Amino acid sequence: MFKPIIASAVIASAFAFSAHAADMVTQTEYAPAPVEQTTVPLFTWSGGYVGLQGGGTWANADFASGGLTAEEDFNGGIFGGFVGANMQSGNFVYGIEGDLNYNWNSNTYTLFGTETEVGTDVSGSVRGRLGYAFDNALLYATGGWTAARGYVDVTGGDKETETFNGFTVGAGVDYAFTDTLFGRAEYRYNNYGDRDIGGTNVDFDQHAVTVGFGMKF
């Protein structure tokens, strides 16, 4: 009599344990898969900026007067400032920039005992810029309008000046040392066209290599 009762109890216990084990398996929760993190750029070039620059210039001028022609080199230095603004979209950076500089690139000629100084002094440009950013480094191309003031200064006479207008193209690299301070190296070719100055037609162009520092805000 007791054997069937004991057998029934054992079978019931087995079924109860199996059901409990099934519930444990069903209720087991697994940790969710890790969410992939999106990389956020550490630096952006968007915003305005100002800076100072200086370097060397290599210029050439063709003179024509009374059927005579001559060619002269006017090499020297340049120093000035720049101001601009950038907008960054992905890795592409575009913007506008202007600069104003002073040039030291004059030559002095002596004719019949009279000294004549010829050169340019003030120059500037307004340009567009298009670049590609590698985080803190920005490689860019630039081009636009440029102007320079040329002069002929005769000892004992009046100083004659004329403004040359033309185009400028170039390329460079900006590198951000901090969130606000960046350095720059740039090459530009300036074609100022030709003008009549002191009774002589002058065709003037220039190569310039500059380095500088800027402050982004």
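Residues numbered from 1 in each chain as written. Predicted model: local features only at pLDDT ≥ 70, side-chain atom pairs only at ≥ 80, totals over all residues. Heavy atoms only, no water.

As annotated in an unreviewed UniProt entry, the chain carries the name Outer membrane immunogenic protein and comes from Gellertiella hungarica.

### Topic: a nonpolar patch on the surface
As a reminder, the rule being used: Note on patches: the residues involved have over 30% relative accessible area and no salt bridge, like charges join within 9 Å, and the nonpolar side chains Val, Leu, Ile, Met, Phe, Trp and Tyr join within 5 Å. Surface exposure here means Shrake-Rupley accessible area, sampled with a 1.4 Å probe, where a residue is shielded only by the protein chains that are shown. Think of a salt bridge as a Lys or Arg side-chain nitrogen and an Asp or Glu carboxyl oxygen that are within 4 Å of each other. Strands are runs of DSSP state E lasting at least two residues, helices are runs of H or I lasting at least four, and both sets are numbered from the N terminus onward. Residue burial is assigned from relative accessible area. The probe radius is 1.4 Å, only protein chains are included, and a residue is buried under 20% of its type maximum, exposed over 50%, and partly exposed in between.
A cluster of nonpolar side chains, namely V50, V83, Y175, F177, L181, F213, M215 and F217, defines an oily patch on the protein surface of about 820 Å² accessible area. Relative to the helices and strands, F217 is located in the segment after β9 (200-216). Note on F217: relative accessible area 62%, which makes it exposed.

### Some words on the side chain of R127
Rule in force here: Counted as a polar contact is a pair of N or O atoms within 3.5 Å, where, for protein atoms, one must be capable of donating a hydrogen and the other of accepting one, and residues adjacent in sequence contribute only when both atoms are in side chains. Any pair of residues with heavy atoms lying within 4.5 Å of one another is described as a contacting pair.
Turning to its location among the elements, R127 is positioned in strand β5 (residues 114-134). Judged by its relative accessible area of 2%, R127 falls in the buried class. Looking at R127, its side chain comes within polar contact range of the side chain of E97, at 2.7 Å. A polar contact of 2.8 Å, which involves the side chain of R127, links it to the side chain of T142. With sequence-adjacent residues up to four places away left out, R127 is seen in contact with G95, I96, E97, D99, T142, G143, G144, T168, E186 and R188.

### Looking at unusual backbone geometry
Although it is not a glycine, D135 sits at a positive phi angle of roughly 60°. Of note, D135 is situated in the loop between β5 and β6 (137-154).

### Details of a negative patch on the surface
The test is simple: For the purpose of charge, His is not counted, nor are the chain termini; Lys and Arg are scored as positive and Asp and Glu as negative. In this description, the location of a charge corresponds to atom NZ of lysine, CZ of arginine, CG of aspartate or CD of glutamate.
A contiguous patch of negative charge, built from D62, E71, D73, D194, D196 and D203, is present on the exposed surface. Sorting the residues of the negative patch by element identifies β2 (68-89) and β8 (181-197) as the ones contributing at least two each. Within the element layout of this structure, D73 appears in strand β2.

### Re the environment of N86
In this structure, N86 sits in strand β2. By relative accessible area, which is 8% here, N86 ends up buried. Through-space distance from the C-alpha of N86 to that of Y49 is 8.3 Å; in sequence the pair is 37 residues apart. In this structure, N86 is in contact with W45, S46, G47, Y49, V93, Y94, G95 and R129, ignoring residues within four places of it in sequence. One polar contact links N86 to R129, side chain to side chain, over a distance of 3.3 Å.

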